[in-house]
Amino acid sequence: MIQVYADGVLAYDSRLDDYELEGLKSTRGLNKGGTAEIIMPPHHPAYALFTDYRTIVEIHRDNVRKFRGRALYKDDDFHNRRTVVCEGELCFFQDAVSRPYLYQAASAEIFTDVIGVYNAQVDDFKQFKVGTITVTDANDYVRIESESAEPTSDTIQKLLDRCGGYIVFTTDPADGKRVVNWYETLGYRSNQTIEFGENLLDFARTDESDELGTVLIPYGAKDEETGAYVTIESVNDGLDFIQDYDAVALRGVIAKAVYWDDVTEPQNLLAKAQQYLAQNKLVITSLELTAVDLSLLDKSIDSFRIGDVIRVRSKP
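As the structure is a computational prediction, the values presented were derived from the model and not from experiment.

Asker: Could you clarify how one ought to interpret the nonpolar core in this entry?
Answerer: In summary, soluble globular proteins display a tendency toward joint burial of nonpolar side chains. The biggest cluster of nonpolar side chains holds 27 residues, and the ones touching the most others in it are F93, I110, I167 and W182. Sorting the residues of this core by element identifies β9 (101-105), α1 (107-119), β11 (142-146), α2 (152-163), β13 (166-171) and β14 (178-183) as the ones contributing at least two each. Tallying contributions element by element places α1 first for this core, with five residues. Apart from the residues lying within four places of it in its own chain, the contact partners of I167 are N31, L90, F111, I156, L160, V180, N181 and W182. Counting residues in hydrophobic clusters, the runner-up holds 17 residues, among them L21, Y47, F50 and C86.

Next up, the structure:
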């Protein structure tokens, strides 16, 4: 059973012929706003329900919300078939502005303040309560700044780039309000597998190395009086760089300079550099799969959800 609501009004129900659509598609991803596309004939009961940038659109499958966002724009063709293009609620953060700022605090404190500044600017239907925050920083101290005003979405992206983690929206069952959470990991392991010969339809494997580095020169905070940056020489045998010898032997010297302007202690800078190099010395292999979610055929099977860890078995 699939249902679509526009500002709480039923716009589609897969069980009702009168509400039949000519097309319905949604795309979602981790830390992505996501999109939805609704195609309806001119006689559809919900034809005039959608107001650009205002109407809240929800898509439910078996009474589970799969998409929430807003109608972005409408497109009518020669036969008056209407396509309503929607964007997910993460895109709401584009509607508010972060004035020039300097944050120097724990990641959770910054995130909470950014959401508060955002909520003060937008309509009630786009506001979020701050929920669970599990993202932390090794120093419990993050510095981000901007000398010019920017969309709140850009400020949140800076936090994600700096600290990692995933933005996940939920609903508070007590009052029905939307909640924004910032999780360090998701980690749910689906009981359903993707397997060759059963539900695997297509497969591609790509090696990526855009950020590859085997030697790292890290810089920390800048001394405003001398202009000198914190380095690791004092805690690294007089060397201002670290390297991975196995990676150098395999791929050669690929040096990178990285700045952490909120790190003031050489030992902490060294720890961050070691962690960074451990990830960026690797060539990342990405898998792109097309698979059938077997829970559509059997409700007893665990369904796929965004952020799941899913085992893939394909002997070929």
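Asker: I would appreciate a short explanation of helix α4 (residues 266-280) in the present structure.
Answerer: Because each turn of an α-helix spans 3.6 residues, side chains separated by three or four positions in sequence point in the same direction. With 15 residues, α4 should cover 21 Å at 1.5 Å per step; its first-to-last C-alpha distance of 21 Å lies within 8% of that length. Looking only at α4, the buried set comprises L269, L270, K272, A273, L277 and N280. Taken end-on, α4 shows its buried residues confined to a sector of 165°, consistent with a single buried face. For α4, the exposed residues lying more than 90 degrees away from the buried face are Q275 and Q279. Its buried side turned inward, α4 meets α2, β17 (215-219), β18 (242-243) and β19 (255-259).

Asker: What should I look at first to understand the sheet that holds strand β1 (residues 2-6) in this one?
Answerer: Hydrogen bonding along the main chain pairs the strands of a sheet, whether they run parallel or antiparallel. If you walk across this open sheet you meet the seven strands as β2-β1-β5-β6-β7-β4-β3, and the pairing is antiparallel. If you trace the sheet from one side to the other, it starts and ends with β2 (9-13) and β3 (23-27), each paired once. Across the sheet, the mean angle from the axis of one strand to that of its neighbour is 25°, orientation sign disregarded.

Asker: Explanation requested: the environment of R178 in the structure shown.
Answerer: Turning to its location among the elements, R178 is positioned in strand β14. In sequence terms R178 and L250 are 72 residues apart; their C-alpha atoms lie 49 Å from each other. Those residues within four positions of R178 in sequence are excluded, and the remaining contacts are R65, R68, E89, Q127, F128, K129, F169, T170 and T171. At 3.4 Å, the side chain of R178 and the backbone oxygen of T170 are in polar contact.

Asker: What is the right way to read the state of the cysteines from this model?
Answerer: Any covalent bond linking the sulfur atoms of two cysteines counts as a disulfide. Scanning the model with the defined rule gives zero disulfides in all. Summary of cysteine pairing: C86 is not part of a disulfide, and the nearest cysteine sulfur, belonging to C91, is at 11 Å. Owing to a relative accessible area of 1%, C86 belongs among the buried residues under this scheme.

Asker: Which parts of the structure should I look at to understand the pattern of salt bridges?
Answerer: Close approach of charged atoms lets side chains of opposite charge pair. Tallying each qualifying case throughout the model produces 24 salt bridges. Measuring nitrogen to oxygen at the nearest pair gives 2.7 Å for the salt bridge that ties K126 to D95. Residue K126 is located in the loop between α1 and β10 (129-133), and its partner D95 is located in the loop between β7 (82-88) and β8 (97-98); the two are separated by 31 residues in the primary sequence. A salt bridge links E150 to K158; the nearest nitrogen and oxygen atoms lie 3.2 Å apart. Bridged by salt links that share partners, the residues E58, R65, R68, E89 and R178 form one connected network.

Rules behind the numbers
- Residues numbered from 1 in each chain as written.
- Predicted model: local features only at pLDDT ≥ 70, side-chain atom pairs only at ≥ 80, totals over all residues.
- Heavy atoms only, no water.
- Core = buried A, V, L, I, M, F, W, Y, C linked by side-chain atoms within 4.5 Å.
- Buried < 20%, exposed > 50% of the residue type's maximum accessible area, 1.4 Å probe, protein only.
- Helix = DSSP H or I, 4+ residues; strand = E, 2+ residues; numbered from the N terminus.
- Contact = heavy atoms within 4.5 Å.
- Expected span 1.5 Å × (residues − 1).
- Arc of directions from axis to C-beta.
- Pairing = 2+ DSSP bridges.
- Axes fitted to C-alpha atoms, helices over the stretch in contact; angles between N-to-C directions.
- Polar contact = N/O pair within 3.5 Å; in protein donor to acceptor, adjacent residues only side chain to side chain.
- Disulfide = S-S within 2.5 Å.
- Salt bridge = Lys/Arg side-chain N within 4 Å of Asp/Glu carboxyl O.

Interpretation in functional terms is not warranted from these geometric data alone.
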